[in-house]
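The primary structure of each chain is shown beneath.
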Amino acid sequence: MLSFLRSMSVAEMFTTLAAWLGLLLGLFNTWQARKLSTVRISVKMQVITRDPAGDPCLLVPEMFSKPEIIPAEIARYLKAQVGLALQIINESMFPVYISSCGLCQKEGPYAQRVAAVAPLLAFGAKRSKSFCPGTPIVLPFLLNSKETVVLELRDFEMREDNLQQLLAINCCRGYAQTADGVFATKNCRTLIERLRTIVAK
């Protein structure tokens, strides 16, 4: 290797270095262009409730780590107020349309699913009278680049038999799908099991 380098002139060494540098820059530009043109979304299941003023608020996961020790009076309040919510994040560098969301059985666009019909916008930027917190969202809807919304899935009543049925058919993944078919899911079986424990009290 050293003898090979010694046999090269300074001009040849700079030419070789420039060639390698050009190759690396080309690979970086290809990766960057792919990143800029790729649709990427992610989802996360949340638990939503209402404060005394009636405004929505998200409950921290730690509250459900041991649902069996939640006092009965708090459980009764949660049973009347609690609900499932889906957080959707557009990680793309451009806006995308969300065409469907809800719960599904497994990963992938062909999974059996229970779609939300008119989810309620709990948290998100106000754009118009028809797209502001507290209003039902008509699908599909536009989600801007790097924007996050939290949708309350009002189709899923928090009753013990409903939650048990979701567990029985393994419909325990929150999902969102874009208009061009990009699909994102997140497992929420443990969350549903803990909610069932609470509403059963």
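Residues numbered from 1 in each chain as written. Predicted model: local features only at pLDDT ≥ 70, side-chain atom pairs only at ≥ 80, totals over all residues. Heavy atoms only, no water.

Moving on, we come to the overall build of the protein. In terms of helices and strands, the protein carries five helices and ten strands. By residue count, 36% of the 201 residues in the protein fall in the buried class. Pairs at least 24 residues apart make up 71% of the contacts formed inside the protein by residues separated by at least 6 positions. Element-wise, carbon and sulfur atoms account for 60% of the exposed surface of the protein, whose accessible area totals about 11600 Å². (Helix = DSSP H or I, 4+ residues; strand = E, 2+ residues; numbered from the N terminus. Buried < 20%, exposed > 50% of the residue type's maximum accessible area, 1.4 Å probe, protein only. Contact = heavy atoms within 4.5 Å. Areas by Shrake-Rupley, 256 points an atom, 1.4 Å probe, with all protein chains shown as cover.)

With that out of the way, let us pick up the sheet that holds strand β2 (residues 56–58). Across the sheet, five strands lie side by side as β2-β1-β3-β8-β6; this open sheet has antiparallel pairing. Strands with a single pairing partner mark the edges of an open sheet, and in this sheet they are β2 and β6 (120–123). Shown here is a sheet whose adjacent strand axes are inclined to one another by a mean of 40 degrees, direction ignored. In the packing of helix α5 (residues 189–199) onto the sheet, contacts are made with β1 (41–50) and β3 (83–90), and the angle to β1 comes to roughly 10 degrees. (Pairing = 2+ DSSP bridges. Axes fitted to C-alpha atoms, helices over the stretch in contact; angles between N-to-C directions.)

Glancing now at the pattern of salt bridges. As enumerated under the stated definition, the model contains two salt bridges in all. Residue Asp161 pairs with Arg159 through a salt bridge whose shortest N-O separation is 3.0 Å. On the basis of relative accessible area, Asp161 is assigned to the partly exposed category, the value being 45%. Assessed through its relative accessible area of 37%, Arg159 is described here as partly exposed. Of the charged contacts, one joins Glu193 and Arg189 as a salt bridge, the two residues approaching to 3.4 Å between their closest N and O atoms. One end of the pair is Glu193 and the other is Arg189, both in helix α5 and four residues apart, which spans about a single turn. By relative accessible area, Arg189 is classed as partly exposed at 29%. (Salt bridge = Lys/Arg side-chain N within 4 Å of Asp/Glu carboxyl O.)

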